[in-house]
Amino acid sequence: MDALYPRLLVTRFAETFAFYRAVLPALTGAALVKGAPEGPYANWDVDDQAVLVLFDRAAMAATLGTADLPAHSAAPAQDAAMLVLRVDDVDAALALCLTRGGTPAAPAADRPEWGAGLRTAHLRDPEGHLIELQSY
């Protein structure tokens, strides 16, 4: 049973699907269980446990009756959520993500103030979601 897992609501489903299909297996060992580039749903699991789910933002808005509301805030704002992936090699993981359509947010750096031996890098997926790659 999946107790808790992230579900990202996306407007650019095909592009975001391609990004995660390319990077999740290498970074987490996750396998695509269901879904295709045309959406509206896709999920990746590790050992029968959900790691990540993508769902079309318009489909969710239709379900909730919020289709007439804007998909994004007009004003820039700080991030409200972040997907964190623990990896063996932050620099290699960042390079992989950037070659598959991710955009850099903060370079790889050692972060001893966050924890002994902690190294992180931050990027955004094609939809703009913040991702932290970390090793420790």
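Below or above, wherever it landed, is the structure these notes cover. This one's a predicted model, so the numbers in the text were calculated from it and none came from an experiment. (Residues numbered from 1 in each chain as written. Predicted model: local features only at pLDDT ≥ 70, side-chain atom pairs only at ≥ 80, totals over all residues. Heavy atoms only, no water.)

Focus: helix α1 (residues 13–28)
Condition: For the purposes of this entry, the term helix denotes a DSSP run of H or I that reaches at least four residues, the term strand denotes a run of E that reaches at least two, and both are numbered from the N terminus. Between the first and last residue of a helix there are one fewer steps than residues, each counted as 1.5 Å, and that sum is the expected span. Only protein chains enter the accessibility calculation, which uses a 1.4 Å probe. A residue is then buried if its area is under 20% of the maximum for its type, exposed if over 50%, and partly exposed in between.
Taking 1.5 Å per residue as the helical rise, α1 with its 16 residues ought to reach 22 Å, and the 21 Å between its terminal C-alpha atoms agrees with that figure. Every buried residue of α1 is listed here: Phe13, Thr16, Phe17, Phe19, Tyr20, Val23, Leu24 and Leu27.

Digging into the sheet that holds strand β6 (residues 103–110)
The test is simple: Between any two strands, pairing holds if DSSP finds at least two bridges. With axes taken as lines fitted to C-alpha atoms, and helix axes fitted only over the stretch in contact, angles between N-to-C directions fall between 0 and 180 degrees. Whether two residues are in contact is decided by their heavy atoms: any pair within 4.5 Å suffices.
Reading across from one edge, β5-β8-β7-β6 is the order of the 4 strands in this open sheet, with mixed pairing throughout. Each of the sheet's edge strands pairs with one partner strand only, and the pair in question is β5 (83–86) and β6. When strand polarity is set aside, the average angle formed by the axes of neighbouring strands in this sheet is 15°. Relative to strand β8 (residues 130–135), strand β7 (residues 119–124) runs antiparallel, the two being bridged by 6 bridges. Note on β8: the bridge partner recorded for histidine 122 is glutamate 132. Across the sheet, α1 lies against β5, β7 and β8, angled at about 40° from β5, the strand it touches most. Seen against the sheet, helix α3 (residues 90–99) touches β6, β7 and β8 and runs at an angle of roughly 10° to β7.

Some words on the packing of α1 against α3
Selection criterion: Angle categories: roughly parallel below 35 degrees, roughly antiparallel above 145, roughly perpendicular from 65 to 115, and oblique for all the rest. A crossing counts as left-handed when the near helix is turned anticlockwise from the far one by less than a right angle, and as right-handed when that turn is clockwise. Under the scheme applied, nonpolar residues are Ala, Val, Leu, Ile, Met, Phe, Trp, Tyr, Cys and Pro; charged residues are Asp, Glu, Lys and Arg; polar residues are all the others, including Gly.
Two elements in contact, α1 and α3, have axes separated by 9 Å at closest approach and are oriented at 165°. The pairing of α1 with α3 is recorded here as roughly antiparallel in orientation. Here the hand of the crossing between α1 and α3 comes out right-handed. Contact residues: α1 offers Phe19, Val23, Ala26 and Leu27, while α3 offers Ala93, Leu96 and Cys97. For the contact of α1 with α3, the class distribution of residues is 7 nonpolar, no polar and no charged.

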